[in-house]
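# Fold and contact review
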Amino acid sequence: MAASDGSLNGNGAHPPARDGRPHTPHIWQPRHMRYAHLTGWGIRVPDRVVTNVDLEAVVDTTDDWIRTRTGIQERRFASERDSVTQMGFEAARAALNRADVLPNDIDMIIVATSTPEDIYPSSASKIQNLLGATRAGAFDLSAACSGFVYGLNMAAQAIRSGSINTALVIGSEVNSRVLDWNDRSTCVLFGDGAGAVLLEGSDQAGGFMDAVLGSDGSGAELLGIPTVGTATLAEGRQMHKLHMDGREVFRFAVHIITESVRDVLEKANLSLADVDLIVPHQANQRILSAAARNLNVSEALFYSNVHRYGNTSAASIPIALYEAEREGRLKPNDNVVVVGFGGGLTWAAAALQWQSMQEKAPKGLAYRLSQGRRELQYIGAFWRARAMKTYRRVEAALRGSPAKHANLREGTPPKGKPEEAPRDKR
Ligand code: ACO
């Protein structure tokens, strides 16, 4: 057993190395703390606009009910061409353009989604391939509508520790494919879209400040999408269809926005008076109004575009950040709080300084050149993916498949009949 000083033989000395020299234990040192700045943002929403009046034709509802109960007026629905991967890729491209960063410079891609095309491969891996971000690790993150803020925190902490320098965080959803059109209390609420932000490391102070993450799995049955691992479906539920107890989720949402905004401000050593904008998950205008009342702030402090897109789950916060900036509601160095809540139950809030890194050179010739390099990388990524598929086929043909009855025990080549699988002895 190791002694308290970490030596292996318990007498204060490490055993000598094989060549007789004393063994010096390697002590890992963290790299110095850095700051994680938001330097790029982009969105992609489907072209197809579906208004409340359009829904009246397919569901027993009215424009008036939807507007007064939720604030939603219209949403976007994906066409056959749109997917979590394709929309996430296009939002990522826009974020890379905004930040003037090449795909090769990305170290990590996180996609927050509840509606991926596949359980695996992840949408993040597919976006990594489309971007040609060959140096990046990539994974999907499942925390429902809180997923984007969870991802933001994961990426920012990896940058702050010095482990990575550049990360893409994407929220992308095609909710229209998981709606139960027999449940009018949920199918009118959701829409599709994608948003992405790019985070970059710097020694310059600012950017991501702090976050609070939370989960209460005792509320798991309140909101969800059953999928392949479900053994039996609860009554009234359908495989791959969204179900929700709207009233319970409403109460939870109002309470948790209020709590988590307070908690993250305390952690970041800020007060509500320091906050320029709160960008919440866009679920229902009444939830935002109630949370503003609870926090005793003007409703105008809460950014809202729920009337345009409905609830786009994990995509709603990056889409709202993008639009808030475009509308002049977010300016460089503003303090912003993002807050998400949803299935799990989960919640997450983060405090950030918006666009706090010194701007790169004005977008002149150098920008146009790197823009061209980005486009070349996307074309290169397409051909690289095809070349890799061919390479794998050729390699398999040359090397052949593993021996038919290969024996897992080292050094015992298969003989005669293949071993039978162990039988249950009962
Ligand atoms: N059109 C017309 N009438 C409707 C509709 C509809 N689309 N949906 C429900 N109604 C009716 C109900 O049947 C009910 O009628 P009844 O009184 O005769 O029974 C009446 O409207 C009131 O229903 P409530 O459920 O009480 O309506 P409420 O005011 O609570 O609004 C809503 C429902 C909009 C779903 C609300 O509860 C809500 O927004 N909840 C939170 C949803 C949310 O924020 N989700 C976020 C997480 S999303 C995620 O993580 C994926």
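A brief report on the enclosed structure follows. Given the structure is predicted, the values throughout are model-derived calculations rather than measurements. (Residues numbered from 1 in each chain as written. Predicted model: local features only at pLDDT ≥ 70, side-chain atom pairs only at ≥ 80, totals over all residues. Heavy atoms only, no water.)

## Some thoughts on the site of the ligand
In the region of the ligand, 26 residues are neighbours, and Thr 61, Arg 69, Cys 145, Arg 247 and Asn 284 sit closest. Side-chain polar atom of Arg 69 to an oxygen atom of the ligand: 2.8 Å apart, as the coordinates give it. One of the side-chain N or O atoms of Arg 286 is found 3.3 Å from an oxygen atom in the ligand. Elements supplying a minimum of two residues to the shell around the ligand: helix H2 (63-70), helix H6 (184-187), helix H7 (246-267), helix H8 (285-295) and strand S12 (335-342). The biggest single contributor to the shell around the ligand is H7, with four residues. Among the residues forming the shell around the ligand, the class breakdown is 12 nonpolar, nine polar and five charged. (Near = heavy atom within 4 Å. Polar contact = N/O pair within 3.5 Å; in protein donor to acceptor, adjacent residues only side chain to side chain. Helix = DSSP H or I, 4+ residues; strand = E, 2+ residues; numbered from the N terminus. Nonpolar A, V, L, I, M, F, W, Y, C, P; charged D, E, K, R; others polar.)

## As for the packing of helix H4 (residues 123-131) against helix H11 (residues 365-399)
To describe two helices that pack against each other, one gives the angle between their axes and the distance between the axes. Running from amino to carboxyl end, H4 crosses H11 at an angle of 115 degrees, the nearest separation of the two axes being 6 Å. Taken together, the axis directions place H4 and H11 in an arrangement best described as roughly perpendicular. Residues Asn 129, Leu 130 and Leu 131 of H4 form the contact with H11, whose participating residues are Gln 377, Tyr 378, Ala 381, Arg 384 and Ala 385. By residue class, the composition of the contact of H4 with H11 is five nonpolar, two polar and one charged. (Axes fitted to C-alpha atoms, helices over the stretch in contact; angles between N-to-C directions. Parallel < 35°, antiparallel > 145°, perpendicular 65-115°, else oblique. Contact = heavy atoms within 4.5 Å.)

## Some remarks on the sheet that holds strand S1 (residues 35-44)
The strand order S1-S7-S6-S4-S5 describes an open sheet built from five strands, whose pairing is mixed. Of all the strands in the sheet, just S1 and strand S5 (137-141) have a single pairing partner and so form its edges. The sheet shows a mean angle of 20 degrees between the axes of neighbouring strands, taken without regard to direction. Two elements, strand S4 (residues 108-112) and S5, share five bridges in a ladder whose sense is parallel. Looking across to S5, one finds that Ile 109 is bridged to Ala 138. Strand contacts of helix H10 (residues 316-326): S1, strand S6 (166-174) and strand S7 (192-202), with the helix running at about 90 degrees to S1, the strand carrying the most contacts. (Pairing = 2+ DSSP bridges.)

## Re the pattern of salt bridges
Oppositely charged side chains can form a pair if their charged atoms are brought close together. A complete count under the given rule lists 18 salt bridges for this structure. Notably, a salt bridge pairs Asp 210 with Lys 267, separated by 3.8 Å at the nearest N-O pair. Highlighted residues: Asp 210 in strand S8 (residues 208-215) and Lys 267 in helix H7, separated in sequence by 57 residues. A salt bridge links Arg 308 to Glu 323, with the shortest nitrogen-to-oxygen separation between them at 2.7 Å. On the criterion of sequence distance, the pair formed by Arg 308 in helix H9 (residues 306-309) and Glu 323 in helix H10 is long-range, its members being 15 residues apart. On the basis of relative accessible area, Glu 323 is assigned to the buried category, the value being 1%. Among the charged side chains, a network of salt bridges with common partners joins Arg 44, Asp 47, Arg 81, Asp 82 and Glu 90. (Salt bridge = Lys/Arg side-chain N within 4 Å of Asp/Glu carboxyl O. Buried < 20%, exposed > 50% of the residue type's maximum accessible area, 1.4 Å probe, protein only.)

## Examining the packing of helix H3 (residues 84-99) against H4
Their axes nearest at 9 Å, the elements H3 and H4 cross at an angle of 50 degrees. As judged from the angle between their axes, H3 and H4 are oblique. Judged by the twist between their axes, the crossing of H3 over H4 is right-handed. Between H3 and H4, the residues in contact are Val 84, Thr 85, Gln 86, Gly 88, Phe 89, Ala 92, Arg 93 and Leu 96 and Ser 123, Lys 126, Ile 127, Leu 130 and Leu 131, respectively. For the contact of H3 with H4, a count of residues per class yields seven nonpolar, four polar and two charged. (Left-handed = near helix turned anticlockwise from the far one by under 90°.)

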